[in-house]
Amino acid sequence: MIPVLFFGQRCAELGFTKRECEVVEKVAQGLTSKEIAEVLFISERTVNKHLQTIFKKGGQQKPS
């Protein structure tokens, strides 16, 4: 498990918003997009949009 302090610092370094950090944290916990949407009270489409932005900011290509 990633220490919370390191995780928060890394999110800031990558320029993630607070919500993007929340999404990344849930992905790291193994949640699906649908589960993340339910936990964060947002739509699954919004979760997927956040993931696209996260991959872009992180310099990674989204898997096909």
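Rules behind the numbers
Residues numbered from 1 in each chain as written. Predicted model: local features only at pLDDT ≥ 70, side-chain atom pairs only at ≥ 80, totals over all residues. Heavy atoms only, no water. Core = buried A, V, L, I, M, F, W, Y, C linked by side-chain atoms within 4.5 Å. Buried < 20%, exposed > 50% of the residue type's maximum accessible area, 1.4 Å probe, protein only. Helix = DSSP H or I, 4+ residues; strand = E, 2+ residues; numbered from the N terminus. Contact = heavy atoms within 4.5 Å. Salt bridge = Lys/Arg side-chain N within 4 Å of Asp/Glu carboxyl O. Axes fitted to C-alpha atoms, helices over the stretch in contact; angles between N-to-C directions. Parallel < 35°, antiparallel > 145°, perpendicular 65-115°, else oblique. Nonpolar A, V, L, I, M, F, W, Y, C, P; charged D, E, K, R; others polar.

Student: Can you walk me through the nonpolar core in this structure?
Tutor: One broad trend across soluble globular proteins is that nonpolar side chains are buried collectively. By size, the foremost hydrophobic cluster in this structure holds 13 residues, and its most contacted members are Phe16, Val23, Val47 and Ile54. Those elements that place two or more of their residues in this core are helix 1 (4–14), helix 2 (18–28), helix 3 (33–40) and helix 4 (44–57). When sequence neighbours within four positions are dropped, the list of residues in contact with valine 23 reads Ile36, Leu40, Val47, His50, Leu51 and Ile54.

Student: Can you walk me through the pattern of salt bridges in this structure?
Tutor: Two side chains that carry opposite charge are able to pair once their charged atoms sit near each other. Tallied over the full model, the rule gives 3 salt bridges. A salt bridge links glutamate 13 to arginine 10; the nearest nitrogen and oxygen atoms lie 3.1 Å apart. Taken together, the residues glutamate 13 and arginine 10, both in helix 1 and 3 residues apart, mark about one turn of the helix. Judged by its relative accessible area of 37%, arginine 10 is partly exposed. Residues glutamate 20 and lysine 57 are paired through a salt bridge, measuring 2.9 Å at the closest nitrogen-oxygen approach. Of this pair, glutamate 20 sits in helix 2 while lysine 57 sits in helix 4; the two residues are 37 residues apart in sequence, bridging distant segments of the chain.

Student: Would you explain the packing of helix 2 against helix 4 in this entry?
Tutor: For any two helices packed against each other, one specifies the inter-axial angle together with the distance between the axes. Running from N to C, helix 2 and helix 4 point in directions that differ by 95 degrees, and their axes come no closer than 10 Å. One element, helix 2, and the other, helix 4, form an angle in the roughly perpendicular class. Of the residues in helix 4, those in contact with Arg19, Glu20, Val23, Val24 and Val27 of helix 2 are Val47, His50, Leu51, Thr53, Ile54 and Lys57.

Student: Looking at this structure, how should I read the packing of helix 3 against helix 4?
Tutor: Axis separation between helix 3 and helix 4 bottoms out at 8 Å; the angle between their running directions is 110 degrees. Looking at the two axes, helix 3 sits roughly perpendicular to helix 4. The residues of helix 4 that touch helix 3, namely those facing Ser33, Lys34, Ile36 and Ala37, are Glu44, Val47, Asn48 and Leu51. Here the contact of helix 3 with helix 4 is composed, by residue class, of 4 nonpolar, 2 polar and 2 charged.

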